[in-house]
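Chain residues, written in single-letter form:
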Amino acid sequence: MAGKKLNFEQSLEKLEDIVRHLEKGDMPLSDSLKLFEEGTALLTSCNQMLDDAEQKVVKLKKGPDRAPIELPFEGEE
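Rules used in this analysis
- Residues numbered from 1 in each chain as written.
- Predicted model: local features only at pLDDT ≥ 70, side-chain atom pairs only at ≥ 80, totals over all residues.
- Heavy atoms only, no water.
- Helix = DSSP H or I, 4+ residues; strand = E, 2+ residues; numbered from the N terminus.
- Buried < 20%, exposed > 50% of the residue type's maximum accessible area, 1.4 Å probe, protein only.
- Contact = heavy atoms within 4.5 Å.
- Areas by Shrake-Rupley, 256 points an atom, 1.4 Å probe, with all protein chains shown as cover.
- Patch = residues over 30% accessible without salt bridge, like charges linked within 9 Å, V, L, I, M, F, W, Y side chains within 5 Å.
- Salt bridge = Lys/Arg side-chain N within 4 Å of Asp/Glu carboxyl O.
- Lys, Arg positive; Asp, Glu negative; His and termini not counted.
- Charge placed at Lys NZ, Arg CZ, Asp CG, Glu CD.
- Core = buried A, V, L, I, M, F, W, Y, C linked by side-chain atoms within 4.5 Å.

1. A short note on the overall build of the protein chain
Piece 1. From N to C terminus, the protein chain includes two helices and two strands.
Piece 2. Listed by position from the N terminus, the elements making up the protein chain come as α-α-β-β.
Piece 3. Counting all 77 residues of the protein chain, 14% fall into the buried class.
Piece 4. For the protein chain, long-range pairs separated by at least 24 residues make up 40% of all intrachain contacts whose partners lie at least 6 apart in sequence.
Piece 5. For the protein chain, the exposed surface amounts to about 6600 Å²; the carbon and sulfur share of it is 56%.

In structure tokens, the structure reads:
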């Protein structure tokens, strides 16, 4: 899938597939390293997508000066 940007679900599925292959332990070291590098890149991409999504769902409330203030997610303190 070179050149094609994966969405979060596709990236996570590919990452899980890589983990399964690496856990088998039946590949040559060079192939394992390539998969590990690909998995690391996918993990970074997934984390960035989650960070971006979190920023979009932050609850905002108008403060005393009518400027928005950030509220914590439910369950956060």
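Once you've had a look at it, read on.
2. Quick look at a negative patch on the surface
Piece 1. The grouping of D51, D52, E54 and E70 at the surface amounts to a negative patch.
Piece 2. Top contributing element to the negative patch by residue count: helix α2 (residues 29-57), with three residues.
Piece 3. Among the secondary structure elements, D51 is positioned in helix α2.
Piece 4. Taking the relative accessible area as the measure of exposure, D51 reaches 43% and is therefore partly exposed.

3. Structural notes on the pattern of salt bridges
Piece 1. One pass over the structure, following the stated rule, counts two salt bridges.
Piece 2. A salt bridge links K14 to E38, with the shortest nitrogen-to-oxygen separation between them at 3.7 Å. Of this pair, K14 sits in helix α1 (residues 8-24) while E38 sits in helix α2, and the two are 24 residues apart along the sequence.
Piece 3. Put simply, D17 and R20 hold a salt bridge, and the shortest N to O gap is 3.8 Å. Taken together, the residues D17 and R20, both in helix α1 and three residues apart, mark about one turn of the helix.

4. Quick notes on the side chain of S32
Piece 1. With respect to the secondary-structure elements, S32 resides in helix α2.
Piece 2. For S32, a relative accessible area of 19% gives the class buried.

5. Considering the nonpolar core
Buried together is how nonpolar side chains tend to be arranged in soluble globular proteins.
Piece 1. One finds L6, L15, I18, L35 and L42 forming the largest nonpolar core, which totals five residues.
Piece 2. The set of elements that each furnish at least two residues to this core consists of α1 and α2.
Piece 3. When near neighbours in sequence (up to four residues on either side) are disregarded, L42 contacts L6, S11, K14, L15 and I18.

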